[in-house]
Amino acid sequence: MTHVSDSRPSPTAAKVALTASAAAAAGLLLFPLATLGRGFDADAVLLHLSGAVLNFSGNQEAPLPPTGTVLALGWATLALTVASVVGALRRATWFWLTGLLACLCGVAAVLVLGQGLGAETARIAADTTLRPGLRRQLRSFYTGGGMNLGLFLPILAGLITAGAGLSGRAAWWERLNRLRGLLVPAVAIALAVLVGAVVVLIVQPAVNNSGAPLGLWRGWLAKSDLVYFVYSTLFAPVTALNPFLDSLKLATPLIFTGLSVAFAFRTGLFNIGAPGQLTVGAIMAMLVGVYGPSSLGWALLPLSVIAAGAGGALWGAIPGLLKARFGSSEVINTIMLNYIASALFIFLIGSNTFTFLGREYSLPLKAEGFEPASEELQVPARLPTLLDLFNVGQNGALALTVAPLVALIAYAAARLALRRTPRGGLIALGAALLAGVLTWRIGIPAQVIGSQLNASFLIALACVALFGVLMWRTATGYALRAVGLSPRAAEYGGISVARGTILAMTLAGMFAGLAGTHYVNGGALDEYRLKGNMPVNVGFDGIAVALMGQSTPGGVVAASLLFGTIDTGSVGVQRLANVNRDLVTVLKALIVLFIAAGGFLNRRVTDPPPPQLVKAEGGGNTPPAVAGLSPSVAAHERATPTPTVTLSSETNKDVTRGGGQ
Amino acid sequence: MEGLFAQLLTTAFLATFIRSVVPLLLTGLGGLFSERSGVVNIALDGLIIFGALAGAVATLTLEPSLGALAPWLGWLAGAVVGGLIAWIHAVVSIKYRADQVISGTAINLLSAGVPAVILTALYGSSTESPKVQNALPLWGVGELRFSPPVFFALLTVLVTWYVLYRTPYGLRLRATGEHPGAAASMGVNVRRMRYSGVILSGVLAGTAGVFLSIGNLDSYVRNISAGLGFISLAALIFGQWKPLGVLGATVLFGFLQALSITLGGTDLLPPTLVAALPYLITIIALIFTGRSAAPRALGKPLDG
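Residues numbered from 1 in each chain as written. Chains lettered and ligands numbered in written order. Predicted model: local features only at pLDDT ≥ 70, side-chain atom pairs only at ≥ 80, totals over all residues. Heavy atoms only, no water.

Engineer: What exactly am I supposed to notice about the environment of Ala222(A) here?
Structural biologist: All names here are of chain A. For alanine 222, the location among the structural elements is in helix H8 (residues 216-234). Remark: the alpha-carbon pair of alanine 222 and glycine 425, spanning 203 residues in sequence, is separated by 55 Å. Excluding its chain neighbours within four sequence positions, the residues that come into contact with alanine 222 are Leu46, Phe56 and Ala206. (Helix = DSSP H or I, 4+ residues; strand = E, 2+ residues; numbered from the N terminus. Contact = heavy atoms within 4.5 Å.)

The structure is reproduced here in structure tokens:
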């Protein structure tokens, strides 16, 4: 069955490899190869493949690391990339090898460069004749260096080429085919990055502190370096622990709102109301947290969290109810409720008195002071930071417990071992809990300073689990998904669409409302209180997150992490005058637009007809067919998101399912 | 209470009222063209913002050389940019068959970021443009002096009604939204009709934006649309996708907005809550229109 006559890469794969390699080869020549150092204003010393060193920095005398080896490796990369182009043109079976080598060559160049820069830094550190200020300046000058577009592109293109070339082999094809769901988000991100790069190229003047005038060529290199600098700063938080924890902190509310939008998507509803639900959730959490009886003690925290969920659920239930009962569009209603929630928010914490029919009433929810904000939460209602939660070090020493990690490993191992046992999941969960409790006191010392990541991140993860279990492991979830795929068929199957609509919007609202705990109970607004600067826009970002995560729990987490990362990185980008954080907003909007358009990919690429159909049509030129349908592919098919599902793809899926049985 | 009525019967209130109706009316009629062709246009709010921005930027750029002629070209620029952005929505939702609500939301998200980037690049401030010296002229008498888009809006109601019900184009547009398959079999180019409907909606919403930035104020400020696009979308639904219905609904919503502006200065109700009133009434209005006479093919991409 798995017989594949032609093990050469398919024409499509060859075309992909050709484009990637050609772009990388052009990039090697057109862009700077590496950055040898970077100053505080993003002024850089650039190295080009030709060996030319362009110094745009104010510091013209800084000694630079030797670049001979890097250049040689750069030329080798170029040769390998060109070889890949030739191989892809002839659809050769070997071009994955040249692609892989080009990638490795590029990585080697980056490593050699990093070594050279490291040597310079060490020399600076050992040089006692320098002033401390100058030494610090020089050190950050060298640590700002690294690869540039000229090396980044061939590394990336090499990976793509290798993947495309390997897809000619059946085993690899199937392995890659499993990742097909990532295609649309990946292409959408790439396109958004490309458009954003053009915006930076147009909008942003080149940074040149050298004083020498820029010609056309030097100006181009300086500007393209700027593009790379902006993006490498945006994605920088993944490279170090502290900014990574910051991005987790920014990702937390996105997980909540992303789950909210995704949950509604699954039921065929579009929840634009996450900002309003979040606001009401935060208000409720504040009301309980501040005004709840302090005699409740520790119970105040769970009550406050529940209040947040209930507030959001209420705000989500209203449009659900209106849709089920009166058929009015949830899209408009959720938007209107956003405005109403925002008015309510300002009303409650904006002023302590209000006039009604000419009489003055007092509603003292606002704290003293100029800023619109509520009183501080009582101490028991506050969520601890994860640092406090996981720190088992004594006497102020910092040591993070290994328990979560051990528990995770234990769970995975037990799950794998008990794959075929009924209730294996529950047993694995118990084993994980036991392992976690036993290893709680064991800690590893860590270098973390003042991370504000709070326990609402754990609540978010619990919501992720709840989403997954509810949607795919319960009858309710089955009914909800049925309503999402085809309301009429669900109705015929005895499922109440009205009930599904109300339930889905209520739960979606609850997810969004719980995001309020991050801001209020978790102190993410720098204080444990409700404040006027609550970023309700994360509710809209939830749409992007849900779309990018294909409305799956894991996808939502991954997309939230990405967005949290670039949000954190955008703070670094702001160091540059004129490049503002709104560029990140534009990038996110473009990602949504491009995902909505299916990455402008052909439908046959994103949602290919199942092999059985292709065989029946006698279509010979499609990629090597995987006979039968592997469980993973079938699982993936089930997981495709509902919002962009159209008639034709639905038919495809039905056929797939029929054929798979 | 008498004080309130005395306040409502002034020419100042009438002027506020008309100024509130105009952007709603223009945007609502724009949405009418788009939705009658079968394309949901939730992007109207973003289109207003882009139109307002383009109007202000074009006027500011042309002012030194053209003087009083500049705002007219600014109007043109706002309409064209509105049309262009709507064209993006059209391409994504017609050619690439994207979910139209999501595509529209993406345009709205764009309108939250792009103006700030452009304003920063041009004027160094991310929230507002400098003031234009030559805003659109005001025509009329006494307190009832309005810029040309106001008169244009009233004219557009009649033109829209005539085009929709008395021209072959209108017939084809309606057919495209009701039954694209049948329209196609009669030789109507469904895609082209939809493109034209969506682009027209952008032109009109862009004009509404121009009215806000250089017809009513004299600069672009952040969040200039303040949700007008969504209210006019509700007005479109409330008005049953008919030109005169849209006129009636926008008059109602405009009255509520003017009322909330006027009430904001009194001690009858808390102004922050009054600001929420139009949205609350929109929800209630939608209850009563409920399952209404939407174009049957609204939101469905054409197969084949």
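Engineer: How should I be thinking about the nonpolar core in this particular structure?
Structural biologist: Residues and elements named next belong to chain A. The biggest cluster of nonpolar side chains holds 192 residues, and the ones touching the most others in it are Phe263 and Leu530. In this structure, this core is formed jointly by two domains, domain 1 (11-178 + 205-234) and domain 2 (253-384 + 456-556), each of which donates at least three residues. Apart from residues no more than four positions distant in its own chain, phenylalanine 263 is found in contact with Phe467, Leu470, Met471, Leu480, Ala504, Leu507, Ala508 and Phe511. Of all hydrophobic cores here, the second largest spans 25 residues; its members include Val45, Ala109, Leu113 and Ile124. (Core = buried A, V, L, I, M, F, W, Y, C linked by side-chain atoms within 4.5 Å. Buried < 20%, exposed > 50% of the residue type's maximum accessible area, 1.4 Å probe, protein only. Domains from an automatic or database assignment.)

Engineer: When you look at the pairing of strand S6 (residues 359-362) of chain A in this model, what are you seeing that I'm missing?
Structural biologist: The side chains of a regular strand alternate between both faces of the sheet. Residue and element names in this part refer to chain A. Direction of pairing for strand S5 (residues 353-356) relative to S6: antiparallel, over a ladder of four bridges. Residue pairing in the sheet places threonine 353 in a bridge with serine 362 of S6. The turn linking S5 back onto S6 is made up of two residues, and leucine 357 within it adopts a positive phi angle of 50°. (Pairing = 2+ DSSP bridges.)

Engineer: Is there a simple way to explain helix H17 (residues 475-485) of chain A in this structure?
Structural biologist: Think of an α-helix as turning once every 3.6 residues; residues three or four places apart then point the same way. Within H17(A), the full set of buried residues consists of Gly477(A), Leu480(A), Arg481(A), Ala482(A), Val483(A) and Gly484(A). Buried positions along H17(A) lie against helix H9 (241-266), helix H16 (456-473), helix H18 (487-492) and helix H19 (497-519) of chain A.

Engineer: I'm lost on the pairing of strand S2 (residues 44-47) of chain A in this one. Help?
Structural biologist: All names here are of chain A. Taking every second residue as pointing to the same face, both faces of S2 are buried, with Ala44 and Leu46 on one and Val45 and Leu47 on the other. Sheet analysis places S2 next to strand S3 (residues 53-55), joined by three bridges and oriented antiparallel. Bridge pairing in S3 places leucine 46 opposite leucine 54. Hairpin remark: S2 followed by S3, antiparallel, with five residues in the connecting loop; positive phi at glycine 51, about 100°.

Engineer: I would appreciate a short explanation of a nonpolar patch on the surface in the present structure.
Structural biologist: Residues and elements named next belong to chain B. Residues Leu66, Leu69, Trp72, Leu73, Leu76, Val80, Leu84, Trp87, Trp139 and Phe151 make up a contiguous nonpolar surface patch of roughly 940 Å² in combined accessible area. No other element matches helix H4 (residues 70-95), which puts six residues into the nonpolar patch. Relative to the helices and strands, valine 80 is located in helix H4. Looking at valine 80, the relative accessible area reads 46%, which means it is partly exposed. (Patch = residues over 30% accessible without salt bridge, like charges linked within 9 Å, V, L, I, M, F, W, Y side chains within 5 Å. Areas by Shrake-Rupley, 256 points an atom, 1.4 Å probe, with all protein chains shown as cover. Salt bridge = Lys/Arg side-chain N within 4 Å of Asp/Glu carboxyl O.)

Engineer: Help me understand unusual backbone geometry, please; the structure alone is not making it clear to me.
Structural biologist: Even without a glycine there, the phi angle at Asp526(A) is positive, about 75°. As for its position among the elements, Asp526(A) is in the loop between H19 and helix H20 (538-548). The backbone of Asn223(B) shows a phi angle near 60°, a positive value even though the residue is not glycine. Counting through the fold element by element, Asn223(B) comes out in the loop between helix H9 (190-216) and helix H10 (228-238).

Engineer: Sorry if this is basic, but what is going on with the interface of chain B and chain A here?
Structural biologist: Frequently, the measure chosen for interface size is the accessible area that the parts lose on association. At the interface, 47 residues of chain B touch 49 residues of chain A. At the boundary of chain B with chain A, total buried surface from both sides reaches about 4100 Å², with 77% on carbon and sulfur atoms. Counting every contact that joins chain B to chain A gives one salt bridge. Between Asp582(A) and Arg222(B) there is a salt bridge, and its shortest N-O distance comes to 3.8 Å. Counting the contacts that link chain B with chain A gives zero residue pairs in polar contact (both at pLDDT 80 or more). When residues of the side of chain B that touches chain A are traced back to their parent elements, those giving at least two are H4, helix H5 (100-123), H10, helix H12 (271-275) and helix H13 (277-289) of chain B. (Buried area = accessible area lost by both parts, 1.4 Å probe. Polar contact = N/O pair within 3.5 Å; in protein donor to acceptor, adjacent residues only side chain to side chain.)

Engineer: Sorry if this is basic, but what is going on with the sheet that holds strand S1 (residues 34-38) of chain A here?
Structural biologist: Across a sheet, strands are paired by hydrogen bonds formed along the backbone, either parallel or antiparallel in direction. All names here are of chain A. Taken together, the four strands give an open sheet; going across it, the order is S3-S2-S1-S4, and neighbouring strands pair in antiparallel fashion. Bordering the open sheet on either side are S3 and strand S4 (146-147), each of which pairs with just one other strand. Judged from the four bridges that link them, S1 and S2 form a sheet pairing that is antiparallel. Looking at S2, one finds that alanine 34 is bridged to leucine 47. Against the sheet, helix H3 (residues 95-126) contacts S1 and S4, and its axis sits at roughly 20° relative to S1. (Axes fitted to C-alpha atoms, helices over the stretch in contact; angles between N-to-C directions.)

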